[in-house]
Amino acid sequence: MSQQPLTIALSKGRILDDTLPLFEEAGIVPAEDIKKSRKLIFDTNHDHIKLVVIRATDVPTYVEYGAADMGVAGKDVLMEASASGQTNSLYEPLDLNIATCRLMTAALKGAKQPEGRIKVASKFVSLTKRYFAEQGRQADIIKLYGGMELAPIMGLADLIVDIVDTGNTLKANGLEERDLIAPISSRLVVGKAAMKMKHQQIQPIIEKLSAAVDRRR
Ligand SMILES: Nc1ncnc2c1ncn2[C@@H]1O[C@H](COP(=O)(O)OP(=O)(O)OP(=O)(O)O)[C@@H](O)[C@H]1O
Ligand SMILES: O=P(O)(O)OC[C@H]1O[C@H](OP(=O)(O)OP(=O)(O)O)[C@H](O)[C@@H]1O
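Here is what the cut-offs are and how they apply
- Residues numbered from 1 in each chain as written.
- Chains lettered and ligands numbered in written order.
- Predicted model: local features only at pLDDT ≥ 70, side-chain atom pairs only at ≥ 80, totals over all residues.
- UniProt positions renumbered as here; feature names shortened; annotations may be inferred.
- Near = placed C-beta within 6 Å.
- Helix = DSSP H or I, 4+ residues; strand = E, 2+ residues; numbered from the N terminus.
- Nonpolar A, V, L, I, M, F, W, Y, C, P; charged D, E, K, R; others polar.
- Domains from an automatic or database assignment.
- Buried ≥ 20, exposed ≤ 12 C-beta atoms within 10 Å, placed from the backbone.
- Arc of directions from axis to C-beta.
- Contact = placed C-beta atoms within 7 Å.
- Pairing = 2+ DSSP bridges.
- Axes fitted to C-alpha atoms, helices over the stretch in contact; angles between N-to-C directions.

- The name given to the protein in an unreviewed UniProt entry is ATP phosphoribosyltransferase, and the organism recorded there is Bermanella marisrubri.
- As stated in UniProt under Function (unreviewed entry), the record for the protein gives "Catalyzes the condensation of ATP and 5-phosphoribose 1-diphosphate to form N'-(5'-phosphoribosyl)-ATP (PR-ATP). Has a crucial role in the pathway because the rate of histidine biosynthesis seems to be controlled primarily by regulation of HisG enzymatic activity."
- The heading Sequence similarities (unreviewed entry) in the UniProt record of the protein holds the text "Belongs to the ATP phosphoribosyltransferase family. Short subfamily."

See the structure below:
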């Protein structure tokens, strides 16, 4: 019996470096070197499986709408997509334990926070809004697209919400960690329709990836 076609959306950028070896261990290998190509869609060693390589923030959208059946994305990106209402039906069956880092608030070293409303800069606008609402703190959220650490230095914001890994970027810019919002790693996500219609094909992939993740622990 021929298998139904299956499309997996991978985040380009730093997650891809960790995703490709994991997929290879699970027996899914692109037909050409993704990192040397300008193509966005790739055949694999399985006739029915294709990989699409897109911006991390677009992965939840492709999977939510069923344009891709499954995907790999950072928990930060998934939290933001969910908080903004961009997604509401994604399954998250596996923590791939790659691209691990922390979603933190941070501020200038030693800086006191204002009593009333605070200004918070982040690229994760919706999850930041939700987080401060849950904390019962009034916050104006300022959307930035990168280099968040600059915002407190320039007086644009009191706090930032950003990814921290080694802490080197914060340190280099005179900032310090404040509160942990969530530990982050990349997750395998599956769309609602795919989970229903292609379960028999998807389940073995989840199992093989899960075994590959376990072997690394
Ligand atoms: N310093 C870091 N260490 C470990 N993981 C990180 C780090 N920064 C980001 N990540 C994780 O990797 C994911 C992708 O980050 P990357 O820097 O490749 O893309 P991006 O700059 O957020 O996206 P884009 O360039 O498409 O806007 C993030 O969503 C997060 O889950
Ligand atoms: O704690 P560290 O190990 O220093 O890592 C944290 C940095 O990594 C990410 O930035 P990235 O390099 O993706 O650049 P960006 O600001 O363009 O997102 C994140 O936004 C921090 O700036």
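Picking up after the structure, the text goes on.
Quick look at the site of ligand 1
Thought 1: Contacts to ligand 1 come from 15 residues, most closely from Gly13, Arg55, Gly74, Cys101 and Asp165.
Thought 2: Every element with two or more residues in the shell around ligand 1 is listed here: helix H1 (14-25) and helix H3 (75-83).
Thought 3: The residue inventory of the shell around ligand 1, partitioned by class, reads seven nonpolar, four polar and four charged.
Thought 4: Here the shell around ligand 1 spans two domains, since at least three of its residues come from each of domain 1 (6-99 + 185-216) and domain 2 (101-183).

As for H1
Thought 1: Here H1 has its buried residues at Ile15, Thr19, Leu22 and Phe23. Within H1, the buried residues cover an arc of 100 degrees as seen down the axis, which keeps them to one side. Looking at H1, the residues exposed on the side facing more than 90 degrees away from the buried face are Asp17 and Pro21.
Thought 2: Contacts made by the buried residues of H1 are with strand S1 (6-11), strand S4 (70-74), strand S11 (186-190) and helix H8 (199-216).
Thought 3: Two residues or fewer past H1, glycine 27 is found with a positive phi of approximately 90 degrees.

Points about the site of ligand 2
Thought 1: All residues in the neighbourhood of ligand 2 are listed as Gly146, Gly147, Asp162, Ile163, Val164, Asp165, Thr166, Gly167, Asn168 and Thr169.
Thought 2: Residue assignment for the shell around ligand 2 shows that the elements contributing at least two residues are strand S9 (159-164) and helix H6 (168-172).
Thought 3: It is S9 that contributes the most residues to the shell around ligand 2, three residues altogether.
Thought 4: Class assignment of the residues belonging to the shell around ligand 2 gives a composition of two nonpolar, six polar and two charged.

Quick word on the domain arrangement of the protein
Thought 1: Taken as a whole, the protein is organised into domain 1 (6-99 + 185-216) and domain 2 (101-183).
Thought 2: A C-alpha centroid distance of 29 Å is found between domain 1 and domain 2.
Thought 3: Each partner contributes residues to the interface: domain 1 has seven residues there, and domain 2 has eight residues.
Thought 4: Residues belonging to the side of domain 1 that touches domain 2 are distributed by class as follows: three nonpolar, one polar and three charged.

Structural notes on the UniProt feature "domain: ATP phosphoribosyltransferase catalytic" (unreviewed entry) in the protein
Thought 1: Summarizing the sequence annotation, UniProt attributes the feature "domain: ATP phosphoribosyltransferase catalytic" (unreviewed entry) to residues 55-210 in the numbering used throughout.
Thought 2: Segment residues 55-210 splits into 33% helix and 31% strand. End C-alpha atoms: 24 Å apart.

Examining unusual backbone geometry
Thought 1: Even without glycine at this site, asparagine 97 takes up a positive phi of about 55 degrees.
Thought 2: Relative to the elements of secondary structure, asparagine 97 occurs in the loop between strand S5 (91-95) and strand S6 (101-108).
Thought 3: Positioned with a positive phi, alanine 99 is a non-glycine residue whose angle comes to about 50 degrees.
Thought 4: With respect to the secondary-structure elements, alanine 99 resides in the loop between S5 and S6.

Notes on the sheet that holds strand S10 (residues 175-184)
Thought 1: Here five strands make up an open sheet; going across it, the order is S8-S7-S9-S6-S10 and the pairing mixed. The open sheet has two edge strands with one neighbour each: strand S8 (139-143) and S10. Neighbour-to-neighbour, the strand axes of this sheet turn through a mean angle of 30 degrees, independent of strand direction.
Thought 2: Here S6 pairs with S9 via five bridges, running antiparallel. Residue pairing for S9: threonine 105 is matched across the bridge by valine 161.

Quick word on the sheet that holds S1
Thought 1: As summarised here, the arrangement of the six strands in space is S2-S3-S1-S4-S11-S5, forming an open sheet in which the pairing is mixed. Strand pairing shows two members of the sheet lacking a second neighbour, strand S2 (41-43) and S5, which therefore form its edges. For this sheet, the mean angle separating the axes of adjacent strands, direction not counted, is 25 degrees.
Thought 2: Sheet topology note: the S2/strand S3 (residues 49-54) ladder contains three bridges and is antiparallel. Its bridge partner being in S3, aspartate 43 is matched across the sheet by lysine 50.
Thought 3: With respect to the sheet, H1 is in contact with S1, S3, S4 and S11, its orientation differing from that of S1 by roughly 135 degrees.
Thought 4: Running at roughly 105 degrees to S4, H3 makes contact with S4, S5 and S11 of the sheet.

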